[in-house]
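# Reading the structure
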Amino acid sequence: MIKYIILILTLLFFQNIQASEIIGLPKVVDGDTIHVKSYKIRLEGIDAPEMKQKCKKPYLQIIFFTFQKDYYCGQISKKKLVQKIGNKPVKCILLGKDIYKRYLAKCLKGTINLNKWMVRNGYAIAYRKYSKIYIPDENFAKEEKLGLWSGTFIKPEKWRKLN
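The notes below deal with the structure included here. What you see as residue numbers is a count from 1 along each chain, following the sequence as written. This being a predicted model, a pLDDT of at least 70 is required before a residue's local features are given, and a value of 80 or more before pairs of side-chain atoms are given or counted; all residues contribute to the totals for chains, interfaces and linings. Side-chain measures were taken over the full set of non-hydrogen atoms in the model, leaving aside hydrogen atoms and water.

Two cysteine sulfurs form a disulfide in these notes if their separation is within 2.5 Å. Scanning the model with the defined rule gives two disulfides in all. Here Cys92 engages in a disulfide with Cys107; their sulfurs sit 2.2 Å apart. Taking the sign of the S-S torsion, about 110° here, the bridge from Cys92 to Cys107 comes out right-handed. Taken together, the residues span a long stretch of sequence, with Cys92 in strand β8 (residues 90–97) and Cys107 in strand β9 (residues 103–109) at a distance of 15 residues. The connectivity of the disulfides in the protein is 1-2, 3-4, where the numbers refer to bonded cysteines in sequence order. Numbering of helices and strands runs from the N terminus; a helix is a DSSP stretch of H or I covering at least four residues, while a strand is a stretch of E covering at least two.

Moving on: the nonpolar core. Ile34, Ile41, Ile46, Leu81, Val90, Cys92 and Cys107 are the most contacted members of the largest nonpolar core, which has 23 residues in total. Within the residue set of this core, elements represented by two or more residues are β3 (33–36), β4 (39–43), α2 (73–85), β8, β9 and α3 (114–120). What makes two residues a contact is simply this: any of their non-hydrogen atoms within 4.5 Å. If sequence neighbours within four positions are ignored, Cys92 has contacts with Ser20, Glu21, Ile22, Ile34, Ile41, Ala105, Lys106 and Cys107. We call a set of buried residues a nonpolar core when its members are Ala, Val, Leu, Ile, Met, Phe, Trp, Tyr or Cys and they connect through side-chain atoms within 4.5 Å of each other. Throughout this description, buried means an accessible area under 20% of the type-specific maximum (1.4 Å probe, protein chains only), exposed means over 50%, and partly exposed covers the range between. Counting residues in hydrophobic clusters, the runner-up holds eight residues, among them Cys55, Ala141, Leu148 and Trp149.

None of this, on its own, says anything about what the molecule does.
And the structure:
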């Protein structure tokens, strides 16, 4: 009897380990959401601009004046994630679920942490409300004026509330 209990517990343990990782070709929804197989996955710890969100970037500087133009930063964020992934599988380590029942995950393309890459290159920001892990990457992007940080933008969470 004890052998069967140990066997069942061992099988359940290994089943949970396997279920905590999803591997497959993703469909990119936006800069912080992908679908892999039937799983809706939110990249944990980051927040990317929404698809209809406009940001501003400089296009002309004359002496002390900088002229900016609007662009759809959410579309750029999605495009950059699509390009980074290419036609390669990703491995997502599931960390929980959000209030919308999406899986929260750290996703990797090979050894590249895609969550970190998005923030470090300025295509998403650290979602400080839920995690502090990507703050150094956000600081790097801000200092180097990469992506969103090359111009001006409203934080995605605030933009969602206003729209």
